[in-house]
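Geometric and topological summary
Below are the chains, spelled out letter by letter.
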Amino acid sequence: MKYHKIEVKTNSSAKPPFYTGSMLRGAFGYTLKQVTCINPSYKCEGCFGADNCLYYEFYEKKNSFHKFRFDINLGAKNYDFNLYLFEDVCIKLPYILSALEKLMVKKGLGRGELKFENVTIFIDKMVVYENSEFKKITTSPKEFLNDIYCPNIKLKLLTPIRIKKGNRFLQDSIELTDILRSINQRKSEIEGKERTFKLDYEPKFLVPMSNFKKQELVRKSNRQKTKMKMDGVVGEMVVMNLDKKSYELLKLGEIIGVGKQTVMGLGKIEVENLEF
């Protein structure tokens, strides 16, 4: 699993709305199209360049899995965010950086088009943009390798996880096995392999404590001219005697996310190792 982690620091005290994921995805799409579109008509339908267009792949292509996701915090104190890129999308990094710079500095965010004058952009902890200038990119995509193992963890669900089970979204509780299956499914989709809903092993663990709740979220869809619910499960669980393969899957989930709408910042998890 190859990936880039892009960090955008606004160096601003402007306070954002409680949930920024949908806004970021929509605004980024606007500037990405400006950066990549070569069609004089500016229309995607029937475009001669659609098969090689990053905007089309991210926003218009039907029945496809998107190899990127915004990483946000609910109720953040600033507009800082991360953007993950996966596998072959990593080679399109210059287009994505250009769109991010255009978004933050020239277009702005939200109804008031809030712009930021002192943006810093990092790729895998390396500064690639500051003082209104891009620097030479010398970093390569990272390879997911997990060389740590801890059988006892606290698993934190930081933004709503939306997983369907029994033809309905889970609302106020979730099982660890459902999370592991979702991560495994996302991994196969990102890697372009056959989609699988089952694990190829039997997870082993104990959950002595869990605390979940339903987190209500609403986003406005400009395309569909309506408000859409984005409710999901947040909270945490303590997991004991976790097998190594499940631990590795959860660590991968920190990068690729869990469940649906991860491109908008949902499904963010964090694994905290517990030492006794």
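Attention in this report is confined to the structure presented alongside it. Since this is a predicted model, take the numbers as computed values, not measurements. (Residues numbered from 1 in each chain as written. Predicted model: local features only at pLDDT ≥ 70, side-chain atom pairs only at ≥ 80, totals over all residues. Heavy atoms only, no water.)

What follows concerns the side chain of His-66. Tracing the chain through its elements places His-66 in the loop between α2 (54–60) and β2 (68–71). A distance of 3.3 Å separates a polar atom in the side chain of His-66 from the backbone oxygen of Glu-57. Each residue touching His-66, except ones within four places of it in the same chain, is listed here: Glu-57, Phe-58, Lys-61 and Val-263. (Helix = DSSP H or I, 4+ residues; strand = E, 2+ residues; numbered from the N terminus. Polar contact = N/O pair within 3.5 Å; in protein donor to acceptor, adjacent residues only side chain to side chain. Contact = heavy atoms within 4.5 Å.)

Moving on to the layout of surface pockets. Counted as a void, the second largest pocket has a volume near 430 Å³. Around the second largest pocket sit 21 residues that line it, and Tyr-3, Lys-5, Tyr-84, Glu-254 and Ile-255 are the ones nearest its centre. Looking at the lining of the second largest pocket, its residues break down into 8 nonpolar, 1 polar and 12 charged. (1 Å grid on protein atoms, 1.4 Å probe; cavity = no way out; pocket = protein on both sides within 12 Å on 5 of 7 lines; lining within 4 Å. Points joined across faces, edges and corners; volume = space filled by probe spheres on them. Nonpolar A, V, L, I, M, F, W, Y, C, P; charged D, E, K, R; others polar.)

Here we take up the packing of helix α1 (residues 21–36) against helix α3 (residues 93–107). Packing of α1 against α3 leaves a shortest axis separation of 8 Å and a crossing angle of 120°. By the angle class used here, α1 and α3 are oblique. The interaxial crossing formed by α1 with α3 has right-handed handedness. Residues Ala-27, Phe-28, Tyr-30, Thr-31, Leu-32, Gln-34, Val-35 and Thr-36 of α1 form the contact with α3, whose participating residues are Tyr-95, Ile-96, Ser-98, Ala-99, Leu-100, Lys-102, Leu-103 and Lys-107. In terms of residue class, the contact of α1 with α3 is built from 10 nonpolar, 4 polar and 2 charged. (Axes fitted to C-alpha atoms, helices over the stretch in contact; angles between N-to-C directions. Parallel < 35°, antiparallel > 145°, perpendicular 65-115°, else oblique. Left-handed = near helix turned anticlockwise from the far one by under 90°.)

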